[in-house]
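Survey of secondary and tertiary structure
As a plain string of letters, each chain reads:
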Amino acid sequence: MKKRVCCIILFLFIIASSIFALAGCDKPLGEKIGEVTIAIECKTILENDNWDKVEQGLIDNNIIPKDGIILKETITAIYNGDTVFSVLKRVCKDKKIHLDSEADPIMKTYYIKGINHIYELSVGESSGWLYSVNGEMPNIASSLYKLTGSEKIIFAYTCEVGDLA
């Protein structure tokens, strides 16, 4: 009987702890420091040579927008400590755009595997997601690129090296 009561108390404690932990997941964004513009596109997929390489499921399920624009240019607030990745994640959540990323705990970065159900390697061996800030493609992970305000961010799907130049 004592063992059963202890198990019930432990179970209730775990449930209560989980609820409090989950409540803390939506940490405050902090101080607003400015705004950025962000867009998401996959226009390179629409090019003739690339269309032949598209995974059939993307075509069958009408995943690829006809104009290649997943998110038109959108102005959003940024907060102290925001990175390109944190803004992408927040905007995708707000706009209900599918985002799949993978954390690398050693490098303390995130790798973007898919946006809007369009994944790396979905359109050939070199395809995947890249980003630019103010027209330049940084050579650091989007989760390490700290924002200061007024940046223009574009996430674009590339089908082969050099097609976004």
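Residues numbered from 1 in each chain as written. Predicted model: local features only at pLDDT ≥ 70, side-chain atom pairs only at ≥ 80, totals over all residues. Heavy atoms only, no water.

1. A look at the layout of surface pockets
Gaps left between atoms are located by rolling a probe of water-molecule size over the structure's atoms. Estimated volume of the second largest pocket: approximately 370 Å³. Lining the second largest pocket are 22 residues; nearest its centre among them are Tyr111, Trp129, Leu130, Tyr131 and Ile140. Contributions of two or more residues to the lining of the second largest pocket are made by β4 (109–115), β6 (128–133) and β7 (152–158). Counting residues per element, the lining of the second largest pocket draws most heavily on β6, which supplies 4 residues. For the lining of the second largest pocket, the per-class residue count stands at 13 nonpolar, 7 polar and 2 charged. (1 Å grid on protein atoms, 1.4 Å probe; cavity = no way out; pocket = protein on both sides within 12 Å on 5 of 7 lines; lining within 4 Å. Points joined across faces, edges and corners; volume = space filled by probe spheres on them. Helix = DSSP H or I, 4+ residues; strand = E, 2+ residues; numbered from the N terminus. Nonpolar A, V, L, I, M, F, W, Y, C, P; charged D, E, K, R; others polar.)

2. Observations concerning the sheet that holds strand β3 (residues 99–104)
Overall, antiparallel pairing links the 3 strands, which are arranged β3-β4-β5 in an open sheet. Taken across any chain shown, the strands that pair with only one partner, and hence form the sheet edges, are β3 and β5 (118–119). Across 6 bridges, the pairing between β3 and β4 is antiparallel. Note on β4: the bridge partner recorded for Asp104 is Thr109. (Pairing = 2+ DSSP bridges.)

3. Things to note about the packing of aromatic side chains
Tallied over the full model, the rule gives 4 aromatic pairs. Judged by centre distance (6.4 Å) and plane angle (85°), the rings of Tyr131 and Tyr145 are edge-to-face. One end of the pair, Tyr131, is in strand β6; the other, Tyr145, is in the loop between β6 and β7, and 14 residues separate them in sequence. Overall, the relative accessible area of 9% leaves Tyr131 in the buried class. For Tyr145, a relative accessible area of 22% puts it in the partly exposed group. Three or more aromatic residues joined by ring pairs form one cluster here, namely Tyr131, Tyr145 and Phe155. (Phe/Tyr/Trp six-rings, centres within 6.5 Å; stacked < 30°, edge-to-face > 60°. Buried < 20%, exposed > 50% of the residue type's maximum accessible area, 1.4 Å probe, protein only.)

4. A closer look at the environment of Ala103
Its location among the elements puts Ala103 in strand β3. Residue Ala103 is classed as partly exposed on the basis of its relative accessible area, which comes to 45%. For the pair Ala103 and Ser143, spaced 40 residues apart in sequence, the C-alpha to C-alpha distance is 9.8 Å. Other than its neighbours up to four places away in sequence, Ala103 contacts Thr109 and Tyr110. (Contact = heavy atoms within 4.5 Å.)

5. Quick notes on the pattern of salt bridges
What the rule picks out here adds up to 6 salt bridges. For Lys43, the salt bridge identified is with Glu41, shortest N-O distance 3.9 Å. Look at Lys43 and you get partly exposed, because its relative accessible area is 41%. As a salt-bridge pair, Lys113 and Glu102 come within 3.5 Å of each other at their nearest N and O atoms. Pair noted here: Lys113 is in strand β4 and Glu102 is in strand β3, with a separation of 11 residues, a long-range link. Judged by relative accessible area, Lys113 falls into the partly exposed class, the value being 22%. (Salt bridge = Lys/Arg side-chain N within 4 Å of Asp/Glu carboxyl O.)

6. Regarding helix α4 (residues 84–95)
The periodicity of an α-helix, 3.6 residues per turn, causes residues three or four places apart in sequence to face the same way. Given a rise of 1.5 Å per residue, 12 residues ought to cover 16 Å, and the 16 Å separating the end C-alpha atoms of α4 matches this to within 8%. Of the positions making up α4, those classed as buried are Val84, Phe85, Val87, Leu88, Arg90, Val91 and Cys92. Within two residues after α4, Lys96 carries a phi angle of roughly 60°, on the positive side. (Expected span 1.5 Å × (residues − 1).)

Such coordinate-based values are descriptive only and should not be taken to indicate function.
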